[in-house]
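# Notes for the structure review
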Amino acid sequence: MRQLFRPLMLGLVALVFMNLPLTIGLAQDDGLSRQEQAALREILAAYERTRNWNTYSAQSGENSQLGLSLAVGDADPYTLNDNTRRNVDSVYDVPNSAVQTELGQTRTIRETEGRQTINNVTVQADFEIVGISGMVYVQGDRTASPDDGRNVELDDFTPINAAVTADLASAEVANLESHVDAKELIALRATNELLETATAVEDLGQVTLRQYANPVQVYTITVDPLVGIEVLDIDVESILANPRLGILDRAAFFDHLATDSSLTITVFLDAEDGGLVGEQLVLEVEINLSEMDGLNVARDTSAEFTLALSFESSVLYFAINEAVTISDPGAAQ
């Protein structure tokens, strides 16, 4: 099964693109109160100010969980659980088009059919990635337990080329280049389309964070989950490509995806100067289909399909405009 979550820069947890105009989100003024509109403008202003970040560091974590089951008639039920935890630490030097990232990921996949285990594997990936001077270098390894014959080991920094990319793809390692895209260094990604779908902006007041000295103002924004799934590049098609799910009616599935999903973005701002401190994103999907709705089975055959998908991520920004040194691995080769 292919990777469900293709991480964008910093694993998709950072949500706003650097050239985001201040008018984003205001297209929904008719659906937001004046207080919500004012909060949204404050949030957008904080992102706009990140243009002044020449250097910074970011720490992020992700937890994605997919669980699905399919039972048809008297046949043994099929289940799949696919869970991934990922930590990403990055340092950015914007004027010099340089970024260095450490990525650690553990993914566990388990498939069963009745009492029979079809697949049960845990994959560990630890990589250091450097993007500098238009080149991307990677060092680290990917190991599976039990060994699936697709392990990758790069003892030294290796330029990413077609051969390396092919090896990583065959090992189902996420696109490492996306973590150090030298053309889009700032790990603040989203699109106008996502923020323009805001249906609510909730002021959660001020809190204190252990990792941050000043009080923090917190807002939660509710947005369209379907737009979010597209923006975040969550690979729903890889779920539907599972041959055991051939009886799913795609139209019914996507109808339920639209109505049985939610996506919120929680933004943390410095309560004193309004600067961006971090974000938290939560996507929840829960779909139930039966022979009456969404499953194509023979007459008088009972069937039930359930899918639960959750994606949680958070990122903290710090060391803004402090001195950093990112070494060029190519200079030593």
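All of the points below concern the structure found in this document.

Calculation notes
- Residues numbered from 1 in each chain as written.
- Predicted model: local features only at pLDDT ≥ 70, side-chain atom pairs only at ≥ 80, totals over all residues.
- Heavy atoms only, no water.
- Core = buried A, V, L, I, M, F, W, Y, C linked by side-chain atoms within 4.5 Å.
- Buried < 20%, exposed > 50% of the residue type's maximum accessible area, 1.4 Å probe, protein only.
- Helix = DSSP H or I, 4+ residues; strand = E, 2+ residues; numbered from the N terminus.
- Contact = heavy atoms within 4.5 Å.
- Salt bridge = Lys/Arg side-chain N within 4 Å of Asp/Glu carboxyl O.
- Pairing = 2+ DSSP bridges.
- Axes fitted to C-alpha atoms, helices over the stretch in contact; angles between N-to-C directions.

## Structural notes on the nonpolar core
Counting 74 residues, the largest nonpolar core has L68, F253, F305 and L307 as its most contacted members. Ranked by residue count, the leading element in this core is strand β11 (residues 303-318), at seven residues. Setting aside anything within four residues of it in sequence, one finds L68 in contact with Y78, T79, L80, I239, L245, F305, T306 and L307.

## Considerations on the pattern of salt bridges
By the definition in use, this model includes nine salt bridges. The salt bridge partner of E113 is R244, with a shortest N-O separation of 3.4 Å. Within this pair, whereas E113 is found in strand β3 (residues 98-113), its partner R244 is found in the loop between α5 (236-240) and α6 (250-259), the two being separated by 131 residues in sequence. On the basis of relative accessible area, R244 is assigned to the partly exposed category, the value being 32%.

## Notes on the sheet that holds β3
Spatially, eleven strands are ordered β6-β5-β4-β3-β2-β1-β11-β10-β9-β8-β7 in an open sheet, and the strand pairing comes out antiparallel. Of all strands in the sheet, those with a lone pairing partner are β6 (152-159) and β7 (200-207), marking the two edges. Adjacent strand axes in the sheet meet at a mean angle of 10 degrees when their direction is disregarded. Examined bridge by bridge, strand β8 (residues 216-223) and strand β9 (residues 261-270) share eight bridges and lie antiparallel to one another. Following the sheet pairing, Q217 is matched in β9 by L269. Sheet contacts for helix α2 (residues 162-170): β4 (116-132), β5 (135-145) and β6; angle to β6, the most-contacted strand, approximately 150 degrees. Packed onto the sheet, α6 meets β9, β10 (276-290) and β11 and runs at close to 140 degrees relative to β10.

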